[in-house]
Amino acid sequence: MELHHPAGLSGPDAAYASVRERLERATLGAPVTEDAHGRARLVTTPPLNRASMAPGAWPPVAFRRRAPEERPDSPDPRGRWHGAATLRRAVLLALVFAQTAVATWAMTAVLPYHGRHGLEIAILGLFAVLFCWVSAGFWTAMMGCIVLLARGDRYAISRTLNEPMNPAEKRAADAPIDAAARTAVVMPIANENVQRVFAGMRATYRSLEKTGLLGRFDFFVLSDSSDADIRVAEIAAWTEACRELGAFGRLFYRWRQHRIKRKSGNVADFCRRWGRNYRYMVVLDADSVMTGDCLTRLVRLMEANPNAGIIQTAPRAAGRDTLYARVQQFATRVYGPLFTAGLHFWQLGESHYWGHNAIIRVAPFIRHCALGRLPGSGSLSGEILSHDFVEAALMRRAGWAVWIVYDLPGSYEEMPPNLIDELKRDRRWCQGNLINSRLFLASGLHPAHRAVFMTGVMAYLSAPLWFLFLVLSTVLLAVHVLVPPTYFTRPGQLFPLWPEWHLAWAIGLCSATALLLFLPKVLSVVLLIARQRRGFGGAARLAAGMAAELVFSALLAPVRMLFHTRFVLGALTGWSVQWKSPSREDAETTWGEALRRHGLHTLLGLAWAALVYGLDPSFLWWLLPVVGALLLSIPVSVYTSRVSLGKAARRAGLFVIPEELDPPEELRAAHAARPGAAPLPGFAEAVADPVVNALVCASGVARLQQPEAARRERDRLVEHARRHGPAALPPRQKLMLLNDPIALSRLHLEAGKVVPLRPADKALRADLR
């Protein structure tokens, strides 16, 4: 193979020597430096400033003496709100347990033997647990309603922005941000839609620039992508974004070769490399958008509250067009503020952290929040998957408060486009929360965060409990119909026990349960009608949207129950989980996929309905909401994924939200740059296109000194690609070439023989040579 060696060079260096020249002639404006051997390197990251972030062991004992690294080191470990939080939680427990006791007593009157039969005892136990779970959600929403009616909570962290930092200073909201309070905005990604990622990043960057405080922030795109085409697209999109924004030296890109610990490992890798440069970091998801005002207010909240370790925003969902996503966006926008305000009321400074759209104090995060592997074997050991809850618990264990700023606007995210994609995400979350249950007795954790672990488990464990409750109720019906009644159930019983069904009690109990489930939604709509109905298309459309959402949620609840039951059983029995990035586009579900996913559920619903009808036709009416939803699961899954139906609902004014009727500038900018016009380059362009090849080569590390086996493998790959074309390479070998700038640059010099070039590419290559 004949190589054209610039400047009379020979060997591997000659193939790599034209990289700098190609970058300079392309006038991209990208900063190019030289490594120790004088080879061109593209400056994609700042200089290293390493810090240690090593995880410790997980002691399972809750009350042992704390190790030094576990002891509180916050300026104010308890905070002025701590006594109020303890009192509020005591009230919550009293309300939930009292309500559950009354409901369970009422349930005994509904059962034919009034809870004295073994099967009925099991049903009562399941009912008590499930009702307790529903009651906790109800009282959370009720207190959220009171907080919103009162227009705030005296302990809300957002109120500190209206307080002077000291008598001689302005309000915290108006105080200048200290020049030393530098903040990194980090976005971990893995095989995402590249155009969507950088569109959101551009929108956030430009919004922050308008505040005049851009100099206090740096942006990092932290890639774990394993697809060769996506990796090339990321490098090209980063270069274009930096050129367009003038952001070289402020917007950085880092690709991680080894995807250790997934997202949490990616963030920890950033902290080890550059965390010492920043006082705070804001963590985003690939579909996140935040306004500049939201970012600066988060920093000011941190500055005004020196004991705050994490402040979590309440992201608003927007940007999807499928009917399913529009219903979910509507539900989170209408009902979400009530529940988020309620969570804040009960938790205060021991709140949830959801892993994105939140600001973190970097130094204590590095010191206390490194995540080690859980010991043992099986599906509930190894890497911690749902890292966010654990990081919040570790931060609070060290005395740093974790807050939800429920009333701060300007934080946005996107919903899954269809039911199947949501369930794929739930499968990962289910296993992650079950793994976290092993940390319930970990040393030094605050009781509030132990409760967070348990609520995370119950979010999925409630599904198999509900399914078991329905199965046992069906068995009880079969026993009542097929087995002669037993009048004497205990030795020495003097009077017979007559089995009886109290229809009035059953209707009353069902009505009370429905009230707990639906009253929070009704109150949410009433509040919005009183204050913000125009943002939802008016009072009539808002009420109609709520009624339609209730129907949707009733149809989807039994389907989710069966899937979550399967997820829990799979996690407990060792079912492996593939951790892939969720769909970021309006993907529609095909009939074939819906049949594969819901076919067994439809058959189960049909068999269940036939069984109950054969036992007692009148009981089928009680079970119809469950079996009917299962019978309709296939068409519901397909039709709710349709973009056309979602857009039709929008034209009718149904499920509209303020972010659609009057979208903020940041969302308009992010959605205007969706895929369409010019596709980003991929692996083929990295081989054939002179500029793209130079970008990819210069962003990697060129290692001339390689082991003999690695050198031979490199030569074999180049020869194989030269003979058969780069497209013939398997995905793994494409990645190997991308990780070897010497081999990739050599292959580029032969690209004209294996990859058809556009006329413009050929002219540019001739000019560059």
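Residues numbered from 1 in each chain as written. Predicted model: local features only at pLDDT ≥ 70, side-chain atom pairs only at ≥ 80, totals over all residues. Heavy atoms only, no water.

**Student:** Help me understand the sheet that holds strand S12 (residues 411-413) in this model?
**Tutor:** Pairing between the strands of a sheet comes from backbone hydrogen bonds, and it takes one of two forms, parallel or antiparallel. Read from one edge to the other, the open sheet built from three strands follows the order S7-S12-S9, with strand pairing classed as mixed. Only two strands of the sheet have a single neighbouring strand rather than two, namely strand S7 (289-290) and strand S9 (316-317). The sheet contact formed by S7 and S12 spans two bridges and is antiparallel. Looking at S12, one finds that Met290 is bridged to Ser411. (Pairing = 2+ DSSP bridges. Helix = DSSP H or I, 4+ residues; strand = E, 2+ residues; numbered from the N terminus.)

**Student:** Sorry, what's going on with the environment of His387 here?
**Tutor:** Structurally, the position occupied by His387 is in helix H11 (residues 387-397). Beyond its immediate sequence surroundings of up to four residues, His387 is in contact with Lys263, Ser264, Gly355 and Leu371. (Contact = heavy atoms within 4.5 Å.)

**Student:** Is there a simple way to explain helix H12 (residues 419-436) in this structure?
**Tutor:** Residues spaced three or four apart along an α-helix face the same direction, because each turn holds 3.6 residues. Helix length check: H12, at 18 residues, gives a terminal C-alpha distance of 25 Å against a target of 26 Å (1.5 Å per residue), a fit within 8%. Of all 18 residues making up H12, 15 are buried, and the element is well covered by its neighbours. Taking the backbone nitrogen of Ile420 as reference, a side-chain oxygen 3.1 Å away marks Asn418 as the first, capping residue of H12. (Expected span 1.5 Å × (residues − 1). Buried < 20%, exposed > 50% of the residue type's maximum accessible area, 1.4 Å probe, protein only. Polar contact = N/O pair within 3.5 Å; in protein donor to acceptor, adjacent residues only side chain to side chain.)

**Student:** Please explain the nonpolar core as it appears in this structure.
**Tutor:** In summary, soluble globular proteins display a tendency toward joint burial of nonpolar side chains. Core analysis: the largest hydrophobic core is formed by 81 residues, its most contacted members being Phe219, Leu251, Ile311 and Leu738. The element that contributes the greatest number of residues to this core is helix H6 (residues 228-245), accounting for 10 residues. Excluding its chain neighbours within four sequence positions, the residues that come into contact with Leu738 are Ala228, Arg231, Val232, Phe683, Ala686, Val696 and Leu744. In terms of nonpolar packing, the next biggest core, distinct from the first, is built from 51 residues, Met142, Val457, Leu623 and Val626 among them. (Core = buried A, V, L, I, M, F, W, Y, C linked by side-chain atoms within 4.5 Å.)

**Student:** Which parts of the structure should I look at to understand the pattern of salt bridges?
**Tutor:** Side-chain pairs of opposite charge can arise where the charged atoms are in close proximity. The tally for this structure, following the rule as stated, stands at 29 salt bridges. Here Asp218 ties to Arg182 by a salt bridge, and the two come within 2.7 Å at their closest N and O atoms. Separated by 36 residues along the polypeptide, Asp218 in strand S4 (residues 217-223) and Arg182 in the loop between helix H4 (118-149) and strand S3 (183-189) bring together distant segments of the chain. Asp218 gets classed as buried once you look at its relative accessible area, which sits at 7%. Between Arg560 and Glu422 there is a salt bridge whose closest N-O contact spans 2.9 Å. Of this pair, Arg560 sits in helix H15 (residues 539-572) while Glu422 sits in helix H12, placing them 138 residues apart in sequence. (Salt bridge = Lys/Arg side-chain N within 4 Å of Asp/Glu carboxyl O.)

**Student:** Would you explain the sheet that holds strand S10 (residues 358-361) in this entry?
**Tutor:** On the basis of which strands lie adjacent, the open sheet formed by seven strands has the order S5-S4-S3-S6-S10-S8-S11 and mixed pairing. Only two strands of the sheet have a single neighbouring strand rather than two, namely strand S5 (251-255) and strand S11 (401-405). Looking at each pair of strands side by side, their axes are set apart by 20° on average, direction ignored. In this structure, S3 lies alongside strand S6 (residues 280-283), joined through four bridges in parallel fashion. Counted as the bridge partner of Ala184 is Met281 from S6. Sitting on the sheet, helix H5 (residues 194-210) touches S3, S4 and S5, and the angle it makes with S4 is about 175°. H6 contacts S3, S4 and S5 of the sheet and is inclined by roughly 170° relative to S5. (Axes fitted to C-alpha atoms, helices over the stretch in contact; angles between N-to-C directions.)

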